[in-house]
Amino acid sequence: MTEEGASRDKKRKRQRKPKPPKEEIAKPPKEEPKQTPKNQNNDKKRQRDTKSNQNGGPSASSKRPKPSNFLDMLRERLSGGHFRMLNEKLYTCSGKEALDYFKEDPNLFDMYHTGYQQQMSNWPELPVNSMINWLASRSSSLVVADFGCGDARIAKSVKNKVFSFDLVAKNPSVIACDMSNTSLESSSVDVAVFCLSLMGTNYSSYIREAYRVLRPSGYLLIAEVKSRFDPNNGGADPKDFVKAVCELGFKSELKDFSNKMFILLHFKKKEKLNSDKKKIAWPELKACLYKRR
């Protein structure tokens, strides 16, 4: 080969581009799978499981019962048991005994009213609202005595002056006392209210106290659990109860048995005091005891 030919071959080799190594040949990128809602949920679930496992906790898919649920259920049963015990105590002892009982441990009163509120939450209608509506329809100048006021809802809901009485004073507006012996002067109030509070073996003495503090023509409003006045199931005959109240010196104004849960009885104090001193036959009211659910 001549020198001229060799020079041409070298020039062609320099111009020829070298092929890249096989491993350096760029491959087309893989197409990422489309994220459907189902795939997104699965990805989130795997992330939660991974995070939970990294923290040493159970995976999200485990179905172990939470201890708090069991403890809450246990506390509820204990609370319900204490309420039923206290409720039975109040129905089977005198007002004086109940007052002394709560004086020893006022916290029992909170326990009782917590259970009471839970029971009332199951009622379609509350009798205290009937009392409030009745007062709202009358003059706000009427002075009210609320016997067994509980949380003093009546005093909080009306413009009237209200004396609130119960076994324990949970706020400054409540007067702690035996409801058969209040601090009110005779003939000093216009309305006396007993809303689910004729508890105790001496309930008639509460009504006598209401008669004492009421002015002539004053009103006595009573709401009670309906079963307590069901003679077919061990309750008192409502006719006997109304008769006893009237013999004390009242006249009947309203007998409402339309509600499923409670009855309403309204009386008005007679203008002339009852001079008849014969013994009144008060019927025994059935204790309202709650069964374990």
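Residues numbered from 1 in each chain as written. Predicted model: local features only at pLDDT ≥ 70, side-chain atom pairs only at ≥ 80, totals over all residues. Heavy atoms only, no water.

*Asks:* Please clarify how the packing of aromatic side chains should be interpreted in this entry.
*Replies:* Two numbers describe a pair of aromatic rings. These are the distance of the centres and the angle of the planes. Per the stated rule, a full pass over the model turns up 12 aromatic pairs. When the ring of Phe147 is compared with that of Phe165, the centres are 5.8 Å apart and the planes differ by 35 degrees; the resulting orientation is tilted. Note that Phe147 is positioned in strand E1 (residues 144–147) and Phe165 in strand E2 (residues 162–166), a separation of 18 residues in sequence. The exposure classification of Phe147 matches that of Phe165, with both residues buried. Lying across the ring of Tyr101, Lys89 places its NZ or CZ 5.0 Å from the centre. It is Lys269 that lies over the ring of Tyr211; its NZ or CZ is 4.4 Å from the centre. (Phe/Tyr/Trp six-rings, centres within 6.5 Å; stacked < 30°, edge-to-face > 60°. Helix = DSSP H or I, 4+ residues; strand = E, 2+ residues; numbered from the N terminus. Buried < 20%, exposed > 50% of the residue type's maximum accessible area, 1.4 Å probe, protein only. Lys NZ or Arg CZ within 6 Å of the ring centre and 35° of its normal.)

*Asks:* Hey, could you run me through the packing of helix H8 (residues 203–213) against helix H9 (residues 238–248) in this one?
*Replies:* For any two helices packed against each other, one specifies the inter-axial angle together with the distance between the axes. Two elements in contact, H8 and H9, have axes whose closest approach is 11 Å; the angle formed by their N-to-C orientations is 40 degrees. Considered as vectors, H8 and H9 are oriented oblique to each other. The hand of the H8/H9 crossing is right-handed. Every residue of H9 that contacts H8 at Tyr203, Ile207, Arg208 and Tyr211 is listed here: Phe241, Val245 and Leu248. Class assignment of the residues belonging to the contact of H8 with H9 gives a composition of 6 nonpolar, no polar and 1 charged. (Axes fitted to C-alpha atoms, helices over the stretch in contact; angles between N-to-C directions. Parallel < 35°, antiparallel > 145°, perpendicular 65-115°, else oblique. Left-handed = near helix turned anticlockwise from the far one by under 90°. Contact = heavy atoms within 4.5 Å. Nonpolar A, V, L, I, M, F, W, Y, C, P; charged D, E, K, R; others polar.)

*Asks:* For this particular structure, what's the right way to read empty space enclosed by the protein?
*Replies:* One water molecule sets the probe size; rolling that probe over the atoms shows where empty space is left. Scanning the model with the defined rule gives 1 cavity of 30 Å³ or more in all. Here the largest cavity defines a volume of roughly 580 Å³. Forming the boundary of the largest cavity are 39 residues, of which His113, Tyr116, Gly148, Cys195 and Leu196 lie nearest the centre. Secondary-structure elements contributing two or more residues to the lining of the largest cavity are helix H3 (67–91), helix H4 (95–104), helix H5 (107–120), helix H6 (127–136) and helix H7 (153–157). Considering every element that reaches the lining of the largest cavity, the biggest residue donor is H5, with 6 residues. Counting residues domain by domain, the lining of the largest cavity receives three or more from each of domain 1 (72–120) and domain 2 (125–269). (1 Å grid on protein atoms, 1.4 Å probe; cavity = no way out; pocket = protein on both sides within 12 Å on 5 of 7 lines; lining within 4 Å. Points joined across faces, edges and corners; volume = space filled by probe spheres on them. Domains from an automatic or database assignment.)

*Asks:* When you look at H4 in this model, what are you seeing that I'm missing?
*Replies:* Since one α-helical turn is 3.6 residues long, residues separated by three or four positions face the same way. For H4, the set of buried residues is Gly95, Ala98, Leu99 and Phe102. Take H4 and look down its axis: the buried residues cluster within an arc of 100 degrees, on one side only. Away from its buried face, by an angle of more than 90 degrees, H4 presents the exposed residues Lys103 and Glu104. (Arc of directions from axis to C-beta.)

*Asks:* I'm lost on the sheet that holds strand E6 (residues 250–256) in this one. Help?
*Replies:* Hydrogen bonds between backbone groups are what pair the strands of a sheet, and the pairing can be parallel or antiparallel. Spatially, 7 strands are ordered E3-E2-E1-E4-E5-E7-E6 in an open sheet, and the strand pairing comes out mixed. Two strands bound the open sheet, and with one partner strand each, they are strand E3 (174–176) and E6. Taken over all neighbouring pairs, the strand axes of this sheet differ in orientation by 20 degrees on average, direction set aside. For E2 and E3, the ladder comprises 3 bridges, and the chain directions are parallel. Across the sheet, Asp166 pairs through a bridge with Ala176, a residue of E3. The strands that H6 touches are E1, strand E4 (189–195), strand E5 (214–225) and strand E7 (262–269); relative to E4, the one it contacts most, it runs at about 165 degrees. (Pairing = 2+ DSSP bridges.)

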